[in-house]
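# A closer look at the structure
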Amino acid sequence: MERSMNRKFFLVWALVALGLIPPGWARAQSDDFGIWAETNVEKKINSRVTLEGGVELRTRDDGFGEMDRWSVGVGASYRLSPWLKASAGYSFLDDNNHKVNSSGKKYSDYWGQRHRLNVSLTASHQFGRLGLSLRERWQYTYRPEKTVDRYWNYTDEDDDAVYGQPVTKGEFTQTHTYQGKGSNKWRQRLMAKYKLSKLWRPYVSAESTIGGSGLDKMRYALGAELRLNKKSSFDVKYLYQHSYKDDDEGNRHVLGLGYTYKF
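Residues numbered from 1 in each chain as written. Predicted model: local features only at pLDDT ≥ 70, side-chain atom pairs only at ≥ 80, totals over all residues. Heavy atoms only, no water.

## With respect to the environment of Gln 165
Structurally, Gln 165 can be placed in the loop between strand S8 (151-152) and strand S9 (168-169). Of the residues examined, Gln 165 reaches a relative accessible area of 35% and is grouped as partly exposed. In this structure the C-alpha to C-alpha distance between Gln 165 and Tyr 107, which are 58 residues apart in sequence, comes to 9.6 Å. Not counting the four nearest positions on each side in its chain, Gln 165 is found in contact with Arg 150, Tyr 151, Trp 152 and Asp 160. (Helix = DSSP H or I, 4+ residues; strand = E, 2+ residues; numbered from the N terminus. Buried < 20%, exposed > 50% of the residue type's maximum accessible area, 1.4 Å probe, protein only. Contact = heavy atoms within 4.5 Å.)

Right, dumping it as C-alpha cells:
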C-alpha cells in the first residue's frame, strides 16, 4: 500500500512541477545554463533560536564557462510558534559583471561588490508526510560606487581592432563610474516537501521577486533533499529562472547542489 502511495505521489509531484514551469521555456534557446553550489552550517542554540552561515558559488555561460558570483552570508532565526518562524541575515556578494550601454557600442567587464540584508517570516504546516511552507521576505541590496575601464563592444569577434579593447583618449584609458545604488525587493516562496523516507524528501517550489516596477523574476525548482543523518544533508535541484526585465541575469536553467551541516 505504501509503495502504491509513493508512486501516486511521484505522479502528482511531476505534474505539479510541469505546471509550474512557464510555457515556452524549453524553446528559449538564448537561455543560459549555470551551476549554483553552496555549503551551509547551522547551530541550534535552543528550541527557538538557530544561527547559520554559508558560502555559495555560481557559474554561467553553459555551466563551467565563467564564474558568475560568489557570496558569503550569516543569519539567525527565531521560532515564534510551532508554525511561524522569523529570520534575518546579511550577505556579501561579489559579482562578475558585463555591462553594455544603450547603443551597444561600449562594454564594461568587472567584479563588483554588493551588500544584502533580508528579513523573513516563514509559515509552515505538516499534512501527514506532506509539508507546505510560505516564506515572505524583504530584501535590501546596496551596490557601492565603482569606477571601471570602458571597453569596445564584444559582439564583433572578427574585428580584432575593437573586440575587447579598452577605450582610450590620448594616452589615457577612459573609465566609467557606476554610482552607489540601493534597491528594495519583496520575495515570496511557496514550497511543498514530501517525506518519502528517512533519507529522501522531494520538493517543488515557486518564488517571485517584486521590485519597484513590478514583477522582476520567477524561479521554479524541482529537487530532493537527502538526509544522511541528523547532522548532514545534501540537496540537488533543477531550477528555472524567468526574468521579466531586460537585465544582466536573463532566463536561466540551473543545476543546484547543496550541503548542510547541523551541530
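## Regarding the pairing of strand S12 (residues 181-194)
In terms of strand pairing, strand S6 (residues 130-143) meets S12 through 14 bridges, oriented antiparallel. Each residue of the ladder has a partner; that of Tyr 140, found in S12, is Asn 184. Across eight bridges, the pairing between S12 and strand S13 (residues 200-211) is antiparallel. Bridge assignment links Leu 190 to a residue of S13, and that residue is Ala 206. Two successive antiparallel strands, S12 and S13, enclose a turn made up of five residues. (Pairing = 2+ DSSP bridges.)

## A closer look at the pattern of salt bridges
Pairs may arise between side chains of opposite charge once their charged atoms sit close together. Per the counting criterion, the structure on display carries eleven salt bridges. Arg 252 is paired through a salt bridge with Asp 68; the nearest N and O atoms lie 2.9 Å apart. Within this pair, whereas Arg 252 is found in strand S16 (residues 252-262), its partner Asp 68 is found in strand S3 (residues 66-81), the two being separated by 184 residues in sequence. Judged on exposure class, the residue Arg 252 and its partner Asp 68 are both buried. Residues Asp 95 and Arg 114 are paired through a salt bridge, measuring 2.7 Å at the closest nitrogen-oxygen approach. Taken as a pair, Asp 95 in strand S4 (residues 84-100) and Arg 114 in strand S5 (residues 106-127) lie far apart in primary sequence, 19 residues in all. (Salt bridge = Lys/Arg side-chain N within 4 Å of Asp/Glu carboxyl O.)

## Section: the pairing of strand S15 (residues 232-243)
Note: strand S14 (residues 214-227) against S15, eleven bridges, orientation antiparallel. Following the sheet pairing, Leu 222 is matched in S15 by Tyr 238. In this antiparallel pair of consecutive strands, S14 and S15, the connection spans four residues. Sheet analysis places S15 next to S16, joined by ten bridges and oriented antiparallel. Across the sheet, the residue bridging to Ser 232 is Tyr 261, located in S16.

## Some thoughts on the packing of aromatic side chains
Taken as a whole, this structure holds five aromatic pairs when the rule is applied. Pairing Trp 70 with Phe 92 gives two aromatic rings, centres 5.8 Å apart and planes at 55 degrees, and the pair type is tilted. Of the two residues, Trp 70 sits in strand S3 while Phe 92 sits in strand S4, which places them 22 residues apart along the sequence. Aromatic side chains Tyr 110 and Tyr 178 sit 5.4 Å apart centroid to centroid with 25 degrees between the ring planes, which places their arrangement in the stacked category. One end of the pair, Tyr 110, is in strand S5; the other, Tyr 178, is in strand S11 (residues 175-178), with 68 residues separating them in the sequence. Taking the relative accessible area as the measure of exposure, Tyr 110 reaches 8% and is therefore buried. Taking the ring centre of Trp 36 as reference, the NZ or CZ of Arg 58 above it sits at 3.7 Å. (Phe/Tyr/Trp six-rings, centres within 6.5 Å; stacked < 30°, edge-to-face > 60°. Lys NZ or Arg CZ within 6 Å of the ring centre and 35° of its normal.)

## Comments concerning a nonpolar patch on the surface
On the surface, a nonpolar cluster with roughly 780 Å² of combined accessible area is contributed by Val 74, Tyr 90, Leu 117, Val 119, Trp 138, Trp 186, Ile 210, Leu 215 and Tyr 244. Given a relative accessible area of 33%, Trp 138 falls into the partly exposed group. (Patch = residues over 30% accessible without salt bridge, like charges linked within 9 Å, V, L, I, M, F, W, Y side chains within 5 Å. Areas by Shrake-Rupley, 256 points an atom, 1.4 Å probe, with all protein chains shown as cover.)

## Comments concerning the confidence of the model for the protein chain
Mean pLDDT over the protein chain works out to 87, with 85% of the residues at or above the 70 mark. Low pLDDT, under 50, characterises residues 14-29; the stretch is placed with 15 contacts to residues that sit more than four places away or in other chains. (pLDDT = per-residue confidence, 0-100.)

## Observations concerning the side chain of Arg 69
Mapped onto the elements of the fold, Arg 69 is located in strand S3. With a relative accessible area of 7%, Arg 69 lands in the buried category. In this structure, Arg 69 is in contact with Glu 56, Leu 57, Arg 58, Leu 93, Asp 94, Asp 95, Arg 114 and Arg 116, ignoring residues within four places of it in sequence.

## A closer look at the side chain of Thr 59
Relative to the helices and strands, Thr 59 is located in strand S2 (residues 49-60). Beyond its immediate sequence surroundings of up to four residues, Thr 59 is in contact with Gly 34, Ile 35, Trp 36, Phe 64, Glu 66, Met 67 and Asp 68.

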